[in-house]
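Listed here are the chains, written in short residue letters.
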Amino acid sequence: MHTQTPTPEYLLLFRGTEWDGGLSLDEMQSIMDRWNQWFEGLKEQGKIKSANPLRAEGKVIVSKKGKTTVADGPFAESKETIGGYFLLQDTSFEEALAIAQRCPAIPYGLSVEVRPVAGRCIIEDRIEEKRSAQVATPGEPAISS
């Protein structure tokens, strides 16, 4: 899995699907109005590459003791459940952090994780490092690229 990103991209993961608990209908609507204004402003600036909410239902594939199974999950009651994402483009890490901090639902318990999108899978980097170490002559350090 190798995907080049021509410009830096950052993923904002919105964690917590129950942040609206205890809010009145008017409070919920006000927050969502501000959320939509925030989102539309980012779209107009060309900062949003894609964005979607995620449904609560799903399955998790796990392997235990050599056996792969399909388990129920993610669980909607978890504070860590990812409720959606924004994929930002043409931005720096600092700007992505500033954008995330403006999320209107943070004061109500939602958290936002900011992650840089990698140009390639970290496992590919590890494979390359191990290959370089194998090629190295005994007693000499491996050549890194």
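Structural data are supplied above this passage.
Each chain carries its own residue numbering, running from 1 in the written order of its sequence. Selection of residues for local features in this predicted model requires a pLDDT of at least 70, selection of side-chain atom pairs for listing and counting requires 80 or more, and totals for whole chains, interfaces and linings are taken over all residues. As a rule here, side-chain values come from all non-hydrogen atoms in the structure, and water together with hydrogens is ignored.

Colleague: Can you explain the overall build of the protein chain? Please cite residues and give values.
Modeller: Summing up its helical and strand segments, the protein chain has three helices and six strands in all. Moving toward the C terminus, one meets the helices and strands of the protein chain in the order β-α-β-β-β-β-α-β-α. Burial status across the protein chain gives 22% buried among its 145 residues. Once local pairs closer than 6 in sequence are excluded, the contacts in the protein chain between residues at least 24 apart make up 73%. Carbon and sulfur atoms provide 55% of the accessible area of the protein chain, an area that totals close to 10300 Å². A run of DSSP states H or I qualifies as a helix once it reaches four residues; a run of E qualifies as a strand once it reaches two. Both are numbered from the N-terminal end. When accessible area is computed with a 1.4 Å probe and restricted to protein chains, residues below 20% of their type maximum are described as buried, those above 50% as exposed, and intermediate ones as partly exposed. In what follows, a contact means two residues having at least one pair of non-hydrogen atoms within 4.5 Å. Accessible surface area values rest on a Shrake-Rupley calculation with a 1.4 Å probe, where residue burial reflects the displayed protein chains alone.

Colleague: Requested: an account of the pattern of salt bridges, with residues and values cited.
Modeller: When a carboxyl oxygen of Asp or Glu lies within 4 Å of a side-chain nitrogen of Lys or Arg, that pair is called a salt bridge. A full pass over the atoms with the stated rule returns eight salt bridges. Residue Lys 49 pairs with Glu 9 through a salt bridge whose shortest N-O separation is 2.7 Å. Of the two residues, Lys 49 is situated in strand 2 (residues 48-53) and Glu 9 in strand 1 (residues 9-15); the sequence distance between them amounts to 40 residues. We note a salt bridge from Lys 43 to Glu 40, for which the minimum N-O separation is 3.7 Å.

Colleague: An account of the nonpolar core is needed here, citing residue identities and associated values.
Modeller: Membership of the largest hydrophobic core comes to 20 residues, with the highest contact counts inside it found for Leu 12, Phe 14, Trp 35, Trp 38 and Phe 86. Among the elements of the structure, strand 1, helix 1 (25-44), strand 5 (82-89) and helix 2 (93-101) are those that each provide at least two residues to this core. Here this core gets five residues from one element, more than from any other, and that element is helix 1. Every residue in contact with Trp 38, bar those within four places of it in the chain, is listed here: Phe 14, Phe 86, Ile 99, Ala 100, Arg 102, Cys 103 and Pro 104. Residue types Ala, Val, Leu, Ile, Met, Phe, Trp, Tyr and Cys, when buried and joined through side-chain atoms within 4.5 Å, form a set referred to as a nonpolar core.

Colleague: I'd like to hear about the layout of surface pockets, residue by residue, with values.
Modeller: Rolling a probe over the atoms, with the probe sized like a water molecule, indicates the empty space that remains. When its volume is computed, the largest pocket comes out at roughly 440 Å³. Taken together, 21 residues form the lining of the largest pocket, with Trp 19, Trp 35, Pro 53, Gly 83 and Gly 84 sitting closest to its centre. Elements that contribute at least two residues to the lining of the largest pocket include exactly helix 1, strand 2 and strand 5. With a 1 Å grid spanning the protein atoms alone, the term cavity applies to any set of points in which a 1.4 Å probe fits but cannot get out, the term pocket to an open set with protein on both sides within 12 Å along at least five of seven lines, and the term lining residue to any residue with an atom within 4 Å of a point. Grid points are joined across faces, edges and corners, and a volume is the space filled by probe spheres set on the points.

Colleague: Help me get a handle on helix 2, residues and values and all.
Modeller: Within helix 2, the full set of buried residues consists of Ala 96, Ile 99 and Ala 100. On an axial view of helix 2, the arc spanned by its buried residues comes to 100°, and they lie on one face. The exposed residues of helix 2 that point more than 90 degrees off its buried face are Glu 94 and Gln 101. Throughout, the arc means that of the directions going from the helix axis to the C-beta atoms.

Colleague: Break down the environment of Pro 53 for me, citing the residues and quoting the values.
Modeller: Tracing the backbone shows Pro 53 in strand 2. Take Pro 53: its relative accessible area is 69%, and that puts it in the exposed class. In this structure, the C-alpha to C-alpha distance between Pro 53 and Leu 13, residues 40 residues apart in sequence, is 10.0 Å.

Colleague: Now, about helix 1: what can you tell me, with residues and values included?
Modeller: Taking 1.5 Å per residue as the helical rise, helix 1 with its 20 residues ought to reach 28 Å, and the 28 Å between its terminal C-alpha atoms agrees with that figure. At the C-terminal side of helix 1, Gly 46 shows a positive phi close to 75°. The span you would expect from a helix comes to 1.5 Å times its residue count less one.

Colleague: How would you explain the side chain of Arg 15 if you had to name every residue and give the values?
Modeller: By the element assignment, Arg 15 lies in strand 1. Since its relative accessible area comes to 17%, Arg 15 is described here as buried. Pairs of N or O atoms within 3.5 Å make up the polar contacts considered here, provided that, within protein, one atom can donate a hydrogen while the other can accept it, and that residues adjacent in sequence are counted only when both atoms are side-chain atoms. In terms of polar contacts, Arg 15 uses its side chain to reach the side chain of Glu 113, at 2.8 Å.

Colleague: Which residues make up the sheet that holds strand 2, and what are the values?
Modeller: Reading across from one edge, 2-5-1-6 is the order of the four strands in this open sheet, with antiparallel pairing throughout. Unpaired on one side and paired on the other, strand 2 and strand 6 (111-116) mark the two borders of the sheet. Each strand of the sheet is rotated relative to its neighbour by a mean of 15°, with strand direction disregarded. Each axis is a line fitted through C-alpha atoms, taken for helices only over the stretch in contact, and angles between the N-to-C directions span 0 to 180 degrees. The sheet contacts of helix 2 involve strand 1, strand 5 and strand 6, and relative to strand 6 the element is tilted by about 165°. Being paired, for any two strands, means DSSP has found at least two bridges between them.

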